[in-house]
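So you can see what is in the structure, the chains are spelled out below.
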Amino acid sequence: MPRRFRLIPSLLLATTALSLPLAAAADERVLRIGMTAADIPRTLGQPDQGFEGNRFTGIPIYDSLTQWDLSKEDEPSVVIPGLATDWQVDEEDTTRWVFTLREGVTFHDGSPFNAEAVVWNVQKVLDEEAEHYDASQVGVTASRMPTLRSAEAIDEYTVALHTSEPDSFLPINLTNLFMASPLHWQAKFEETGDAESAWAAFAADPSGSGPFRVTSFTPRERLELAPNEDYWDEDRTPELDQVVLYPMPEANARTAALLSGQVDWIEAPSPDAIPEMEARGFVVYSNPQPHVWPWQLSFLDDSPWLDRRVRHAANLCANREELQILLGGLMGIPVGTVGPDHPWWGNPEFEIRYDPDAARALMEEAGFSSDNPVRVKVQTSASGSGQMQPIPMNEYLQQNLRECYFDVELDVIEWNTLFTNWRRGADDPSANGANAINVTFAAMDPFFAMVRFTSTGAFPPVSNNWGYFGDDEFDQLIADARTTFDEKGRNEALARLHKRIVEEAPFVWVAHDVGPRAMAPRVQGVVQPRSWFIDIATMTVE
């Protein structure tokens, strides 16, 4: 491996020191995790820090009406019942869904979960007139379920959800709406006197219904969780005594913490350090993920990406096979958002591959050359949820694409800021003049994989169509899929959508993540699912 692409100089492993507590006592079952986030994801119900927030403060502390099955490593994760046991669309009004709720569930504060709690949690992010409405939670919620409009309690354990248009994706989207305790928030409101202060107090002392409850929270330093011994799902009632989460955005710091025994688990280990980790008995888990590492392109009037030949050339000039070697094999090579074995594939006419001669021919046809390169600016981060190894990967692409007449400038900012900018759009001052953005995305459902990037209804600030890509053709393809409620027909419609996305190339598809994480051998019960998420509740430590 060329030295300039080495991800962690080996000497750093010996010299990096962290101010973390000493290892837990031998009789304590404590799991200590080093995240890639620079701060503790928000704990008030709707996490930030991308889907790493859902993974570490959403799913452990809270429940949603529907949830992902994370119990299998050899099959794609699917949506299963959570706090809702059943749901169906109203055949006479397909903008209305009826959900049957799970009985006997209580929040961490002891208050009951019921239909009124669901209504309250919908209002917290959608009803600006509600006393408990929290604008700070809207951006990371509404953009993930953009058609949901309201909820109504039918009886104690039945609720109706209303959408702005027929939307067969709604049950999947609801995995992102976490249920917080209304009564616990109300108590905070009565103590503080205003909604903003009440939410701040709630975040410091949250109450969900998930398998873990918060016992200690120090922003930017650590979050401590204890098991919810009254959890409703016996299969997910934790055997751990404690989980401690640490923000560690630097790969070398995470690696040093694991090798020195200060943590038991790190996300996104440095590929250079993996041989040493495995030699010392640590276990590296990975599995193909429905997760894409791309450049998402701008389609504003002044963007160099408006010419499809330039977009195709960039996809043909990226040497993904060599990048895979540089990452120690810890990436998948994409040929689209999904692959040929997926029901949404659609057999696109444009083939994503490494073909620099074809790329240069397209660039010359578009008027570019080594003496007249196209200048592009990419906004990225130094770390973050799903970002893999963003700086080395982008520097590799920067050099790689130079061979095809691209002059690439990188704008490196903090991860959570980048994630916020993603919803503001390419025309917002936060883009700093970038005409591409490097934010990874989960692709486990139609909305997250395709719709939010190709619908004109998903233009900022509604959702994540940062580059303003889309037209009547794409809107109709999306409508065909969204209004089809049988699985076979919906998959056929989604295949037509994916085919056109690949052909028009609003992304440079660079990698599929495999979700690598390294753990001490004492961590047991680990299931590395084919999902962006993972279930801590079923793990234990020796």
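Residues numbered from 1 in each chain as written. Predicted model: local features only at pLDDT ≥ 70, side-chain atom pairs only at ≥ 80, totals over all residues. Heavy atoms only, no water.

Student: Could you give me a rundown of the nonpolar core, with the residues and numbers involved?
Tutor: Residues L31, W295 and F406 are the most contacted members of the largest nonpolar core, which totals 116 residues. Examining the composition of this core, we find that six residues originate from one element, helix α14 (residues 446–454), more than from any other. In terms of nonpolar packing, the next biggest core, distinct from the first, is built from 27 residues, L65, A117, V118 and V122 among them. (Core = buried A, V, L, I, M, F, W, Y, C linked by side-chain atoms within 4.5 Å. Buried < 20%, exposed > 50% of the residue type's maximum accessible area, 1.4 Å probe, protein only. Helix = DSSP H or I, 4+ residues; strand = E, 2+ residues; numbered from the N terminus.)

Student: Residue-level account of the pairing of strand β15 (residues 406–413), with values.
Tutor: When strand β14 (residues 374–381) meets β15, the two strands line up parallel, connected through eight bridges. Residue K377 lies in a different strand from β15, and its bridge partner there is E409. On the question of chirality, the crossover connecting β14 to the parallel β15 by way of helix α12 (residues 390–402) is right-handed. (Pairing = 2+ DSSP bridges. Right-handed = clockwise from strand over helix to strand, strands pointing away.)

Student: Break down helix α7 (residues 251–259) for me, citing the residues and quoting the values.
Tutor: Most of α7 is tucked away: nine of the nine residues are buried. Of the positions making up α7, those classed as buried are A251, N252, A253, R254, T255, A256, A257, L258 and L259. Within two residues after α7, G261 carries a phi angle of roughly 85°, on the positive side.

Student: Residue-level account of the state of the cysteines, with values.
Tutor: A full pass over the atoms with the stated rule returns one disulfide. Paired by a disulfide, C317 and C404 hold their sulfur atoms 2.0 Å apart. Every disulfide takes its handedness from the sign of the S-S torsion; for C317 and C404 that torsion is 85°, giving right-handed. Residue C317 is located in helix α9 (residues 308–317), and its partner C404 is located in the loop between α12 and β15; the two are separated by 87 residues in the primary sequence. (Disulfide = S-S within 2.5 Å.)

Student: Can you tell me about the pattern of salt bridges, naming the residues and giving the values?
Tutor: One pass over the full model with this rule turns up 29 salt bridges. Among the salt bridges present, the one from D167 reaches R482, with a minimum N-O distance of 3.1 Å. Here R482 lies in helix α15 (residues 472–482) and D167 lies in the loop between β7 (158–163) and α4 (170–173), a separation of 315 residues in the sequence. Looking at D167, the relative accessible area reads 0%, which means it is buried. According to the relative accessible area criterion, R482 is buried, its value standing at 6%. D357 is the salt-bridge partner of R360, the closest N and O atoms lying 2.8 Å from each other. (Salt bridge = Lys/Arg side-chain N within 4 Å of Asp/Glu carboxyl O.)

Student: Any details on the confidence of the model for the chain? Residues and values, ideally.
Tutor: Confidence in the prediction of the chain, expressed as mean pLDDT, is 93, and 95% of residues score 70 or more. Between residues 1–18, whose pLDDT stays under 50, and residues either more than four places distant or in other chains, the model counts 36 contacts. (pLDDT = per-residue confidence, 0-100. Contact = heavy atoms within 4.5 Å.)

Student: Tell me about the packing of helix α5 (residues 182–192) against helix α6 (residues 195–204), residues and numbers included.
Tutor: Contact geometry of α5 with α6 gives a least axis separation of 8 Å together with a crossing angle of 125°. Classified by the angle their axes make, α5 and α6 are oblique. Considering the relative orientation of α5 and α6, their crossing is right-handed. Touching H184, W185, K188, F189 and T192 of α5 are A195, S197, A198, W199, A201 and F202, all from α6. The residue makeup of the contact of α5 with α6, split by class, is seven nonpolar, three polar and one charged. (Axes fitted to C-alpha atoms, helices over the stretch in contact; angles between N-to-C directions. Parallel < 35°, antiparallel > 145°, perpendicular 65-115°, else oblique. Left-handed = near helix turned anticlockwise from the far one by under 90°. Nonpolar A, V, L, I, M, F, W, Y, C, P; charged D, E, K, R; others polar.)

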